[in-house]
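# Chains, contacts and geometry: an overview
Residues per chain, in single letters:
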Amino acid sequence: MQILFHAGGIDPAPWIQSFKSTLPQAQLREWREGDDAAADYAVVWKPPAAMLRGRVGLKAIFNLGAGVDAILQLGDALPPTVPLVRIDDAGMADQMAEYVTHAVLGYYRRLDEHAANIRQREWRYIKPNQKQDFSIGIMGLGVLGSRIASALAQFDFPLRGWSRTAKQLPGVESFAGESQLAEFLKGTRLLICVLPLTPHTQDILNRQTLSALAPESYLINVARGAHLVEEDLLALVQSGHIKGATLDVFRQEPLPADHPFWNEPRIVITPHMSAMTLRADSVRQISNKIAAIERGEAVAGVVDLARQY
Ligand code: NDP
Ligand code: OXD
């Protein structure tokens, strides 16, 4: 069995080594420009078009992440009949729940405001938030969003979720589709975005949707930078309508040195680390899926190319 590997910007050696131990029968090679020799599978992150163009003989392409937006941008270079398989949790959901819970509790307990006062050596009481006024809205209730919901449900926040299709999750009020977006946003005090990036969700965090949130609300974006119209957020933070934002993803990464977000203390920036692809877990998951495909079985996490996620 021949497996092609390419992960832009990531050292391939430890990955190839890990696959060799889980799939000893396989021959792995790092794809290089000009390599058009046959292969059974491709394991990729942000692959160049030339790697996949015309490779109709592949049995599957495994994306080394949950989000497939970068690979779908390859357009007709992506062989349409080859299943594209995303990472399905593999340790990401827990990481995402940790990151989001930390940010939510910080805002709810007003720790950002206390930290600012303490930097000024000010010992000051701030009126606590009340849970019933702190409704949390999660956009995207898939693998990651549903894990975030179960983590936050432990604290008894009023929780609501928005997805394409209606959901039944314990403690979560479900809103579905475009027709229920306005109702979902109205009354949400803290909005979390964990949607896939598709033509339907691009720019979804904009002046209109963010203005629909309750006054003095918060935003956490852990999905993709292109969900957010960055200048709209900045204007709403500066007007006070949005009280704080925690952003893990940006339209341009790394965030350019002259980006205005760096100078806005109410915007917390992290370098796209909220849920990282864990090598051991991901190699195990992909290897198990390759074994299942070889046995002729269906696997989870196959991307629906029509939905784009
Ligand atoms: P899933 O595919 O499991 O879930 C996607 C969710 O979004 C589903 O609930 C889906 O609805 C909903 N959705 C999709 N399109 C729409 C739409 N047009 N309107 C309303 N809801 C919609 O994805 P994951 O949870 O695994 O991952 C989500 C995203 O998180 C990834 O695509 C990636 O971009 C990002 N991510 C970011 C990371 C980081 O480190 N910052 C790490 C990993 C992922 P339905 O259930 O009805 O289909
Ligand atoms: C992913 C990511 O999509 O790390 O998995 O952003």
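Here the structure is a predicted model, which is why all the values come from computation and not from measurement. (Residues numbered from 1 in each chain as written. Chains lettered and ligands numbered in written order. Predicted model: local features only at pLDDT ≥ 70, side-chain atom pairs only at ≥ 80, totals over all residues. Heavy atoms only, no water.)

### Considering the domain arrangement of the protein chain
Here the protein chain is partitioned into domain 1 (2-89 + 278-294) and domain 2 (92-269). The distance between the C-alpha centroids of domain 1 and domain 2 comes to 33 Å. Each partner contributes to the roughly 710 Å² buried at the junction of domain 1 and domain 2, and carbon and sulfur atoms together form 54% of this total. If you sort the residues of domain 1 by the area they bury against domain 2, D69, D89 and L278 come out on top, with a joint share of 63%. On the surface where domain 1 and domain 2 come into contact, there are one salt bridge. (Domains from an automatic or database assignment. Buried area = accessible area lost by both parts, 1.4 Å probe. Salt bridge = Lys/Arg side-chain N within 4 Å of Asp/Glu carboxyl O.)

### Some words on the side chain of S217
Within the secondary structure, S217 sits in strand β10 (residues 217-221). Note on S217: relative accessible area 0%, which makes it buried. A polar contact is formed between the side chain of S217 and the backbone oxygen of A214, at a distance of 3.0 Å. Every residue in contact with S217, bar those within four places of it in the chain, is listed here: T188, R189, H241, I242, K243 and G244. (Helix = DSSP H or I, 4+ residues; strand = E, 2+ residues; numbered from the N terminus. Buried < 20%, exposed > 50% of the residue type's maximum accessible area, 1.4 Å probe, protein only. Polar contact = N/O pair within 3.5 Å; in protein donor to acceptor, adjacent residues only side chain to side chain. Contact = heavy atoms within 4.5 Å.)

### A few points about the packing of helix α4 (residues 92-108) against helix α6 (residues 143-153)
Where α4 meets α6, the closest approach of the two axes is 8 Å, and the angle between their N-to-C directions is 50°. The angle between the axes of α4 and α6 places the two elements in the oblique class. The handedness of the crossing between α4 and α6 comes out as right-handed. Contact residues: α4 offers M92, A93, D94, M96, A97, V100, T101 and V104, while α6 offers V143, L144, R147, I148, A151 and L152. Taken together, the residues of the contact of α4 with α6 break down into 11 nonpolar, one polar and two charged. (Axes fitted to C-alpha atoms, helices over the stretch in contact; angles between N-to-C directions. Parallel < 35°, antiparallel > 145°, perpendicular 65-115°, else oblique. Left-handed = near helix turned anticlockwise from the far one by under 90°. Nonpolar A, V, L, I, M, F, W, Y, C, P; charged D, E, K, R; others polar.)

### Topic: the site of ligand 2
In the region of ligand 2, the neighbouring residues are W45, G65, A66, G67, M92, R224, H272 and A275. One of the backbone N or O atoms of A66 is found 2.7 Å from an oxygen atom in ligand 2. The contact in question runs from an oxygen atom of ligand 2 to an N or O atom on the side chain of H272, over 2.7 Å. Isolated, ligand 2 exposes 210 Å² of accessible area, and the fraction of that covered by the protein chains is 88%. Residue composition of the shell around ligand 2, grouped by class: four nonpolar, three polar and one charged. (Near = heavy atom within 4 Å. Areas by Shrake-Rupley, 256 points an atom, 1.4 Å probe, with all protein chains shown as cover.)

### Here's the deal with the layout of surface pockets
Taken as a whole, the second largest pocket spans an internal volume of roughly 540 Å³. The wall of the second largest pocket is formed by 19 residues, among which Y107, D112, E113, P265 and V268 lie closest to the centre. For the lining of the second largest pocket, the secondary structure elements donating two or more residues are α4, α5 (111-119), β11 (242-247) and β12 (267-269). A per-element tally of the lining of the second largest pocket places α5 first, with six residues. Partitioning the lining of the second largest pocket into residue classes produces nine nonpolar, five polar and five charged. (1 Å grid on protein atoms, 1.4 Å probe; cavity = no way out; pocket = protein on both sides within 12 Å on 5 of 7 lines; lining within 4 Å. Points joined across faces, edges and corners; volume = space filled by probe spheres on them.)

### Digging into the pairing of β11
Most of β11 is tucked away, with six of its six residues classed as buried. Both β10 and β11 contribute to a ladder of five bridges, which runs parallel. Its bridge partner being in β11, I220 is matched across the sheet by T246. Each parallel crossover has a hand, and the one from β10 via helix α9 (residues 230-239) to β11 is right-handed. Relative to β12, β11 is paired through three bridges, and the arrangement is parallel. (Pairing = 2+ DSSP bridges. Right-handed = clockwise from strand over helix to strand, strands pointing away.)

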